[in-house]
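Here is how the chains run, residue by residue.
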Amino acid sequence: MNQKPDPAAPVITIDGPSASGKGTISALVARALGWQMLDSGALYRLVAYAALKHSIPLNDVAGLERLARKLNARFETRLNGRETTIYLDDENVTTAIRSEKCGNAASTVAAIPQVRTALLDRQRAFQQLPGLVADGRDMGTVVFPGAALKIFLTASAQERAKRRYKQLMEKGANVNLADLFNEIAERDLRDSQRATAPLKPANDAVELDTTHMTIPAVVEYILKLYRERQ
Ligand code: CDP
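(A) Spatial organisation of the nonpolar core. By size, the foremost hydrophobic cluster in this structure holds 38 residues, and its most contacted members are Leu38, Leu46, Leu64, Leu71, Ile97, Leu119 and Phe144. Those elements that place two or more of their residues in this core are helix 2 (40–53), helix 3 (61–70), strand 4 (83–88), helix 4 (100–109), helix 5 (113–124), strand 6 (132–136) and helix 6 (139–143). If you tally residues by element for this core, the top one is helix 2, at nine residues. Apart from residues no more than four positions distant in its own chain, Leu46 is found in contact with Leu71, Ala73, Phe75, Ile86, Leu88, Val93 and Ile97. With 18 residues, the next largest nonpolar core counts Ile14, Leu153, Val206 and Val218 among its residues.

Right under this line is the structure:
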């Protein structure tokens, strides 16, 4: 995407740790408003996927930066935002990039500042009318600091491991709850302790603990907050 961002387009950022429900919530909020959505984690997953595919070591900073700059990715959304197919160099990687292996590799490449910078303009280009819901870790702090509404979603690590387990089981993956819990805890630590764009709420973010909330309740709450700010 080579478009310039449109500053007139409002942005809602939804940040939070792994498996906090950001993706699901962001998609539903975007659909309710008729806005587009940016799944920024998918970009890091795409870089990781490309690195694994081309055997580029996850500590080869220059190689990973080059990959991130040249990333030939396409997001195709259908059914009013209900389904997105992700292509990398014309290969359908929608399912492949969701593996835990790819998620962990994504968290490693995402700690490299040069990779983050290489992906900045690509993310900002998603700011188009009528509006954008941006899902990630640093949407409110770094990528869209002027967002109209910033949400920071959390849930206990145990609850998040359960949610991820359910999600992966539904996709037919063979996973183990204890392993998922450990991976989530490890990823939380790496994402929140890295020097560049660590996972943390923006100063002006609304923090929402969703451990005991249903998905529709979270969506409604976010829409209400947005309406109140207009
Ligand atoms: O689905 P899950 O929340 O586990 O991961 P994701 O949102 O697809 O992101 C995968 C990885 O990319 C995360 O563990 C982060 O390290 C990284 N990421 C990031 O650093 N900044 C973002 N804006 C989005 C994701």
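(B) Expanded view of helix 1 (residues 22–33). A rise of 1.5 Å per residue sets the reference length of helix 1, with its 12 residues, at 16 Å; its end C-alpha atoms lie 16 Å apart and thus fit the reference within 8%. Those residues of helix 1 not exposed but buried are Lys22, Ile25, Ser26, Ala27, Val29 and Ala30. If you follow the buried residues of helix 1, they end up packed against strand 1 (11–15), strand 2 (36–39), strand 6, strand 7 (149–154) and helix 9 (215–229). Positive phi appears at Gly34, one or two residues downstream of helix 1, with a value of about 75°.

(C) Examining unusual backbone geometry more closely. The peptide bond linking Leu129 to Pro130 adopts the cis configuration, its omega dihedral lying at 10°. Its place among the elements puts Pro130 in the loop between helix 5 and strand 6. For Ala19, which is not glycine, the phi torsion reads 60° and is therefore positive. Considering the arrangement of structural elements, one finds Ala19 in the loop between strand 1 and helix 1. Taking the relative accessible area as the measure of exposure, Ala19 reaches 10% and is therefore buried.

Calculation rules
Residues numbered from 1 in each chain as written. Predicted model: local features only at pLDDT ≥ 70, side-chain atom pairs only at ≥ 80, totals over all residues. Heavy atoms only, no water. Core = buried A, V, L, I, M, F, W, Y, C linked by side-chain atoms within 4.5 Å. Buried < 20%, exposed > 50% of the residue type's maximum accessible area, 1.4 Å probe, protein only. Helix = DSSP H or I, 4+ residues; strand = E, 2+ residues; numbered from the N terminus. Contact = heavy atoms within 4.5 Å. Expected span 1.5 Å × (residues − 1).

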